[in-house]
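# Coordinate analysis (summary)
Letter by letter, the chains look like this.
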Amino acid sequence: MPVHIGIKVWAQNTVYIPHIQKLGQQGHCDFVEIYVGVKAQQEEARRWQDLDLPIRLHAPHSYGGFNPA
């Protein structure tokens, strides 16, 4: 079974997009997992769309102020 390496960031960490893109191109990571907290803005989320890596979204949980109950 293949091993996949991902990088986890907050949606607000858009400053890391060029660095993550380079790591993906060099084969150091396979995907990026973006934690979309309750304070994330649409503009920030849109900036991740041009990344040439698969994106996984990490939904907020109770730590992030989300309570599905």
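These remarks concern the structure in this document. Being a predicted model, the structure only gives us computed values, none of them experimental.

So, about the side chain of Gln21. Relative to the helices and strands, Gln21 is located in helix H1 (residues 17–25). Residues within four places of Gln21 in sequence aside, it is in contact with Asp50, Leu51 and Asp52.

For the rest of this paragraph, the subject is the environment of Glu44. Its location among the elements puts Glu44 in helix H2 (residues 42–47). Here the alpha-carbon distance between Glu44 and Trp10, two residues 34 residues apart in the chain, equals 9.8 Å. Here the side chain of Glu44 touches Gln41 through a polar contact of 3.0 Å, landing on its backbone nitrogen.

Take the nonpolar core next. Formed by Ile7, Val9, Ala11, Ile17, Ile20, Cys29, Val32, Ile34, Trp48, Leu51 and Leu53, the largest nonpolar core amounts to 11 residues. Elements supplying a minimum of two residues to this core: strand S1 (6–10), H1 and strand S2 (31–35).

Moving on, we come to the packing of aromatic side chains. Evaluated as defined, the whole model comprises one aromatic pair. Sitting above the plane of the Phe31 ring, Arg56 keeps its charged end 5.6 Å from the centroid.

One pass over the structure, following the stated rule, counts one salt bridge. One salt bridge connects Lys8 with Glu33, and the closest N-O pair in it is separated by 3.9 Å. Here Lys8 is found in strand S1, whereas its partner Glu33 is found in strand S2, with 25 residues between them in sequence. By relative accessible area, Lys8 is classed as exposed at 51%. Overall, the relative accessible area of 21% leaves Glu33 in the partly exposed class.

Let's shift gears to the sheet that holds strand S3 (residues 55–58). With parallel pairing, three strands are arranged side by side in an open sheet as S1-S2-S3. Both edges of this open sheet fall to S1 and S3, since each of them pairs with a single strand only. The mean inter-strand angle of the sheet, taken between neighbouring strand axes irrespective of direction, is 25°.

Conventions we followed
Residues numbered from 1 in each chain as written. Predicted model: local features only at pLDDT ≥ 70, side-chain atom pairs only at ≥ 80, totals over all residues. Heavy atoms only, no water. Helix = DSSP H or I, 4+ residues; strand = E, 2+ residues; numbered from the N terminus. Contact = heavy atoms within 4.5 Å. Polar contact = N/O pair within 3.5 Å; in protein donor to acceptor, adjacent residues only side chain to side chain. Core = buried A, V, L, I, M, F, W, Y, C linked by side-chain atoms within 4.5 Å. Buried < 20%, exposed > 50% of the residue type's maximum accessible area, 1.4 Å probe, protein only. Phe/Tyr/Trp six-rings, centres within 6.5 Å; stacked < 30°, edge-to-face > 60°. Lys NZ or Arg CZ within 6 Å of the ring centre and 35° of its normal. Salt bridge = Lys/Arg side-chain N within 4 Å of Asp/Glu carboxyl O. Pairing = 2+ DSSP bridges. Axes fitted to C-alpha atoms, helices over the stretch in contact; angles between N-to-C directions.

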